[in-house]
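Notes for the structure review
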Amino acid sequence: MVLVSAAREYVNRMLQDISGMKVLILDSQTVSIVSVVYSQSELLQKEVFLVELVDSISKSKESMSHLKAVYFLRPTLENIQHLRRQLANPRFGESHLFFSNMLKDTQIHILADSDEQEVVQQVQEYYADFVAIDPYHFTLNIPSNHMYMLPAVVDPPGLQQLCDRIVDGISAVFLALKRRPVIRYQRTSDIAKRIAQETSDRVAAFVAIPVSIKEKLMYQQESGLFDFRRTEMSPLLLIVDRRDDPVTPLLNQWTYQAMVHELVGIHDNKVDLSSTGKLPKDQQEVVLSSEQDAFFKANMYENFGDIGMSIKRMVDDFQQVAKSNQNIQTIEDMAKFVDSYPEYRKMHGNVSKHVTLVTEMSKIVEERKLMLVSEREQDLACNGGQVAAFEAVTNLLSNESVSDIDRLRLVMLYALRYEKESPVQLMQLFNKLASRSPKYKTGLVQFLLKQAGVDKRTGDLYGNRDLLNIARNMARGLKGVENVYTQHQPLLFQTMESIIKGRLRDVDYPFVGNHFQQGRPQDVVIFVVGGTTYEESRSVALQNASNSGIRFILGGSVVLNSKRFLKDLEEAQRIAKSSTNVV
């Protein structure tokens, strides 16, 4: 639904009107865009017999004139150069060019000049420039994600590329949804403001563009992009900075999808299990998609303990099916088994996949003593009590079973919570971390505080600034929590509540330009510069299921787990340090 449907529809339109045998040619980013919404078997049904990357096609000279080439590429300089060379010496009978975003005039001229043999049948823009990993959650998979953390004085060339890619992705989402947004941003974030302004400029520029280019290429583009009929309230685009909530990506997770990403890793809805031991080759990479796996869709937001019970029921059901299939006595029985075999095989693969995942995660939880560590993390994120917190973190730093990365995360969580209250004890924890886990320099924690400390944040991260939040936390403390491991709620949850109640303050989240919004929007896209988490996407899905009258969509530059967040932090610190040394 929503994003997944929009991206699928674009892929359908690319493939269904081109008859005959096809090769689908993608780049390193569009391969992710297609793979999360279209399976290999679905591509085969559309007569796609070969999928290749555009840079590997460039290296081959073998003629395949019996195939029609369907290119789906981002309109980058590098891809245009690949196309220029391939059109000059065509290997395929026909070429159909589809781009995930707007082409520049100069790029169209280059393509037209290169197509001397007139193999190009059409050039179109299909705005699927985002990876729709779930119906209400998209990512951009930006490799240089750490750039957003760099201090304002360090303005590397890569920062503009990061901004451009984010603006491309956000623009494509609204073009796919056929809506023109009102834009707000987090006041305390320079990069959120910069992206908000550049997105606003892009939208304004798109509205004014006529179709004026008529080349010998069949080039099609929607006239007056973003100039949609305004029969409804404009959607809201809210751009926020990951540093406003550095706690969520540092926490261990205990709901299925989030936990798999934290402990094993999910990339484009695929999980690499090759390092977990002796698994059959066809099980070393498994797909975890709510669109393709009914069990996962039903359980992706459930607690780890409940997942074990659900998998047991699934195994029991499978054993019943397997037992009935063993009782083949007549020709009719055999025919029934053959008819049901694909479904039986799929069921077998699904059972095996989820049992393997849960077994692997149980092993990691035991090895790293994560139940012990996570209980303390949740206390640091949700409950007060600095003296008890210091003692508990000190004890865990001394525990031989606690891993280096878990020690680092505990110190970071303590520092974010108590940076102003206990500087002396914080220094003691820094020293203890340095002695117990020397691979992590204490400067990394201090860099995090400079980037995302209390003085830099807009939101009420710990619920101790706003009277309503303080009252809510007190009530929750008196009532108790259902599960000590999942009591944390990301800051995004508060942000959504504020939007629903019309309490998102203009002073904290100003509008771009002279715009303002009367009444509640029906659609809200929240984009997190620096990356989203699966805990946040769960909050969005649960909020959408509550029928508040507002549909939320979450997007970000990457999907984070604690390893990726720390890796980005280390890389940003390294660049900031070297830039300071140069200065």
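Below is a summary of the structure that appears in this document.

Parameters at a glance
- All chains use their own residue numbering, which begins from 1 and follows the written sequence.
- In keeping with the predicted nature of the model, local features appear solely for residues at pLDDT of at least 70, side-chain atom pairs appear and are counted solely at 80 or more, and the whole-chain, interface and lining totals rest on all residues.
- Remark: hydrogens and water are excluded; side-chain values derive from all non-hydrogen atoms of the structure.
- Any Lys or Arg side-chain nitrogen found within 4 Å of a carboxyl oxygen on Asp or Glu counts as a salt bridge.
- The secondary structure listing takes helices from DSSP runs of H or I that are at least 4 residues long and strands from runs of E that are at least 2 residues long, numbered from the N terminus.
- In this scheme, a residue with accessible area under 20% of its type's maximum is buried, one over 50% is exposed, and one in between is partly exposed, where area comes from a 1.4 Å probe on protein chains only.
- In this scheme, strands are said to pair when DSSP sees at least two bridges between them.
- Helix axes use the C-alpha atoms of the stretch in contact, all axes being lines fitted to C-alpha atoms, and the angles between their N-to-C directions lie in the range 0 to 180 degrees.
- Note on definitions: a residue-residue contact is assigned when non-hydrogen atoms from the two residues lie within 4.5 Å.
- Should an angle fall under 35 degrees it is taken as roughly parallel, and over 145 as roughly antiparallel, whereas 65 to 115 is taken as roughly perpendicular and any remaining angle as oblique.
- Each helix crossing is assigned a hand: it is left-handed if the near helix lies turned anticlockwise from the far helix by less than a right angle, otherwise right-handed if that turn is clockwise.
- The nonpolar class holds Ala, Val, Leu, Ile, Met, Phe, Trp, Tyr, Cys and Pro. Asp, Glu, Lys and Arg form the charged class, and all remaining residues, Gly among them, are polar.

Some details on the pattern of salt bridges
- A complete count under the given rule lists 27 salt bridges for this structure.
- One salt bridge connects R376 with D379, and the closest N-O pair in it is separated by 2.5 Å. One end of the pair is R376 and the other is D379, both in helix α13 (residues 370-382) and 3 residues apart, which spans about a single turn.
- Exposure remark for D379: the relative accessible area of 21% places this residue in the partly exposed category.
- Residues R409 and D406 are paired through a salt bridge, measuring 2.4 Å at the closest nitrogen-oxygen approach. You can see R409 and its partner D406 sitting in helix α15 (residues 404-418), 3 residues apart, about one turn around the helix.
- For R409, a relative accessible area of 0% translates into the label buried.
- Its relative accessible area of 0% is what places D406 among the buried residues.

Some details on the sheet that holds strand β13 (residues 523-529)
- Strands sit in the order β6-β7-β14-β13-β10-β8 across an open sheet of 6 strands; the sheet is mixed. The sheet is open, and its two edges are formed by β6 (131-134) and β8 (182-185), each paired on a single side. With direction set aside, neighbouring strand axes in the sheet form an average angle of 25°.
- Bridging between β8 and strand β10 (residues 236-241) involves 4 bridges; their strand directions are parallel. If you follow Y185 over to β10, its bridge partner there is I239.
- Packing against the sheet, helix α1 (residues 3-16) makes contact with β6, β7 (137-139) and β14 (551-556), and its axis sits at approximately 135° to β6.
- Contacting β7, β10, β13 and β14, helix α7 (residues 157-177) crosses the sheet at an angle of about 165° to β13.

Thoughts on the pairing of β13
- Most of β13 sits out of view: 7 of its 7 residues are buried.
- Taking every second residue as pointing to the same face, both faces of β13 are buried, with D523, V525, F527 and V529 on one and V524, I526 and V528 on the other.
- Note: β10 against β13, 6 bridges, orientation parallel. Paired with V240 across the bridge in β13 is V528.
- Across 6 bridges, β13 lies against β14 in parallel orientation. Directly across from D523, in β14, lies its bridge partner R551.

Here we look at the packing of helix α19 (residues 491-500) against helix α20 (residues 534-545)
- For the pair α19 and α20, interaxial distance at closest approach is 9 Å and the crossing angle is 30°. If you check the angle between α19 and α20, you find them roughly parallel. Viewed along their axes, α19 and α20 form a crossing whose handedness is right-handed. Counted together, L492, F493, M496 and I500 of α19 and E536, S539, V540 and Q543 of α20 form the full contact between these two elements.
- Among the residues forming the contact of α19 with α20, the class breakdown is 5 nonpolar, 2 polar and 1 charged.

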